[in-house]
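Chain by chain, the residues run as shown.
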Amino acid sequence: MIHIQDVAFSYPGSDEILQQISFDLDGGHCLALLGNNGAGKSTLLKCLNLIHTPARGIIQVNGREIRSMGRKEIAQTLAYVEQQSESSQMTVYDSVLLGRKPYIRLEPTQADYAIVEKALARMELKDFALRFTDELSGGELQKVVLARALAQEPEILLLDEPTSSLDLHNQHEVMRIVSHLAEEDHLAVVVVIHDLNLALRYCDRFLLIRDGLVYAYGDQSVITAEAVSQVYRVKCQVVEFLGHKIVVVE
C-alpha cells in the first residue's frame, strides 16, 4: 500500500534531517516510528502526505506517486492527526463532520451524516455528540480527533504522538483503538510514539531512525537491547514479562 524509497528532507539552511528513508507498509499493520527527539519522526510523517515536500525520493500509495495527487485526493486517502489537538467551542458532532470536508461540495449529504454517526459510534462518542470539545478530557478529545480521521474514510492513518499528555489508562485505550482500526478496517497506520513498551504492546511493525537513516525496520524481532541502546543511547534489556516483550532501562 505504501512504498517509500530513499526519501530525504531538510529545512532551508540546515543539513538533511532525513536521508535515504525506505520502507513498505501494507494495510492491516500498525507501524511505530521510533527514535530520539530530533530524529525526524514527525518530519517523516509530514512528508508522507506532502505537508513537507521531500528533497528527493519516492512516496507511492497503491502504486501512485503522491506528488501526482491533488490535496483533496490526498485527504481522501491519508488522514493526519497532528501532535497537539486543540479544543474549541465546537460540538463533537461538528468536529467529526469536518472529516467529511474532502468529500463535501456544497453541503453535507445524508451519506456524510451517516458516516459521522458511524464514526461516533465506533469511538463510543454518541453520548458526547452535542458537547463542546473544550469541555472534554484529554482522552475524550483524542477519541474525537480519531473519529474525525475515520470520517475521512482513509486508507492510511498518520498519527503524531497520539498518547502525549494522556494518563496511563487513556494511553492504552487510544493505542488499543488504533491497533483495532488497523486490523479491523485494514488501514495502514503509521504512528510516532515515544513509549517503546506501548509500541511493543500495540504495533506490529517498527522503524527505528538514527541520524536521519533507517537503523532497523521489521517486526518485533528488530527491537533488541543492542538496537535500543544504539538508537536511544541508553543501557537496557529487552525481556519477556506476562507474555509481552518489554524494554527495561538499566
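So, a few notes on the structure that sits alongside this text. None of the values given here were measured: they were computed from a predicted structure.

1. Notes on the pairing of strand β10 (residues 213–218)
Within a regular beta strand, the side chains point alternately toward one face of the sheet and then the other, so they alternate between its two faces.
Argument step 1. Two elements, strand β9 (residues 205–210) and β10, share five bridges in a ladder whose sense is antiparallel. Residue pairing across strands places R210 opposite L213, the latter belonging to β10.
Argument step 2. Hairpin geometry of β9 and β10 is characterised by an intervening segment of two residues between the two adjacent antiparallel strands and by a positive phi of about 55° at D211.

2. Thoughts on helix α4 (residues 110–122)
Argument step 1. With 13 residues, α4 should reach 18 Å at 1.5 Å per residue; the first-to-last C-alpha distance of 18 Å fits that figure.
Argument step 2. Taken residue by residue, α4 has D112, I115, V116, A119 and L120 as its buried positions. For α4, the arc enclosing every buried residue in end-on projection is 140°, short of the 170-degree limit, so these residues lie on one face. In this structure, α4 carries Q110 and K118 as exposed residues pointing more than 90 degrees from its buried face.
Argument step 3. On its buried face, α4 is in contact with α3 (92–97) and α5 (138–151).

3. Some thoughts on the nonpolar core
Argument step 1. The biggest cluster of nonpolar side chains holds 55 residues, and the ones touching the most others in it are L34, V96, F206, L208 and I223.
Argument step 2. Element by element, the count of residues in this core is highest for α5, at seven residues.
Argument step 3. Sequence-distant contacts of L34, that is, excluding residues within four places in its chain, are made with K41, I193, L196, A199, F206, L207, L208, I209, I223 and Y232.

4. Looking at the sheet that holds β9
Argument step 1. The strand order across the open sheet formed by six strands is β6-β7-β8-β3-β9-β10, and the pairing between neighbours is mixed. Either end of the sheet is taken by a strand with one partner, and the two such strands are β6 (78–81) and β10. In this sheet, adjacent strand axes meet at a mean angle of 15° when their direction is disregarded.
Argument step 2. As defined by bridge partners, strand β3 (residues 30–34) adjoins β9 across four bridges and the pair is classed as parallel. Bridging from a neighbouring strand, L31 pairs with R205 of β9.

Thresholds, definitions, all that
Residues numbered from 1 in each chain as written. Predicted model: local features only at pLDDT ≥ 70, side-chain atom pairs only at ≥ 80, totals over all residues. Heavy atoms only, no water. Pairing = 2+ DSSP bridges. Helix = DSSP H or I, 4+ residues; strand = E, 2+ residues; numbered from the N terminus. Expected span 1.5 Å × (residues − 1). Buried < 20%, exposed > 50% of the residue type's maximum accessible area, 1.4 Å probe, protein only. Arc of directions from axis to C-beta. Contact = heavy atoms within 4.5 Å. Core = buried A, V, L, I, M, F, W, Y, C linked by side-chain atoms within 4.5 Å. Axes fitted to C-alpha atoms, helices over the stretch in contact; angles between N-to-C directions.

Everything listed here is a matter of coordinates, which is why it stays silent on function.
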